[in-house]
Amino acid sequence: MPTKTSTKKSADNSNACLLFLKNRGGKARLSELTFSQTVIQDLITKNIAKVTNTGNGYYLELENKS
């Protein structure tokens with residue numbers, strides 16, 4: 001069971017990843033990300049981001065919220 005400290009750190013990392021994506025125009029190459037797989041998976045599970053294959057590589061991009 002995660003402790004409050006680890007949960008808070010994970011939330012901070014998720015927010016940092018979101019800020020990083022927003023500053024990069026909403027998407028970034030997966031190979032360029034230094035965030036953990038857990039942080040990236042958390043954003044995907046919460047439908048905040050998605051992974052797309054452009055033919056030139058895999059990108060993590062923010063979901064369009066309408």
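Further up the page is the structure itself.
Report follows, based on the coordinates.

What counts as what
Residues numbered from 1 in each chain as written. Predicted model: local features only at pLDDT ≥ 70, side-chain atom pairs only at ≥ 80, totals over all residues. Heavy atoms only, no water. Core = buried A, V, L, I, M, F, W, Y, C linked by side-chain atoms within 4.5 Å. Buried < 20%, exposed > 50% of the residue type's maximum accessible area, 1.4 Å probe, protein only. Contact = heavy atoms within 4.5 Å. Helix = DSSP H or I, 4+ residues; strand = E, 2+ residues; numbered from the N terminus. Pairing = 2+ DSSP bridges. Axes fitted to C-alpha atoms, helices over the stretch in contact; angles between N-to-C directions.

Observations regarding the nonpolar core
Turning to step 1, where the next piece is worked out: Judged by nonpolar contacts, Cys17, Leu18, Leu21, Ala28, Leu33, Val39, Ile40, Leu43, Ala49, Leu60 and Leu62 together constitute the single largest core of eleven residues.
Turning to step 2, where the next piece is worked out: If we ignore the near neighbours within four places in the chain, the residues touching Leu60 are Cys17, Leu21, Gly26, Lys27, Ala28, Leu30, Leu33, Ile40, Ile44, Ala49, Lys50 and Val51.

Considerations on the pairing of strand β3 (residues 58-62)
Turning to step 1, where the next piece is worked out: Burial analysis of β3 places four of its five residues in the buried class, which makes it a mostly covered element.
Turning to step 2, where the next piece is worked out: For strand β2 (residues 49-53) and β3, the ladder comprises five bridges, and the chain directions are antiparallel. Within β3, the residue paired with Asn53 across the bridge is Tyr58.
Turning to step 3, where the next piece is worked out: In this antiparallel pair of consecutive strands, β2 and β3, the connection spans four residues, and Gly55 shows a positive phi of 95°.

Remarks on the sheet that holds strand β1 (residues 27-29)
Turning to step 1, where the next piece is worked out: Sheet architecture is open: three strands sit in the order β1-β3-β2, paired in antiparallel fashion. Since the sheet does not close on itself, it has two edges, and those belong to β1 and β2, each with one partner. Strand-to-strand twist of the sheet, defined as the mean angle between neighbouring strand axes without regard to direction, takes the value 25°.
Turning to step 2, where the next piece is worked out: Summarising the sheet, β1 and β3 pair through three bridges and their orientation is antiparallel. Residue Ala28 lies in a different strand from β3, and its bridge partner there is Leu60.

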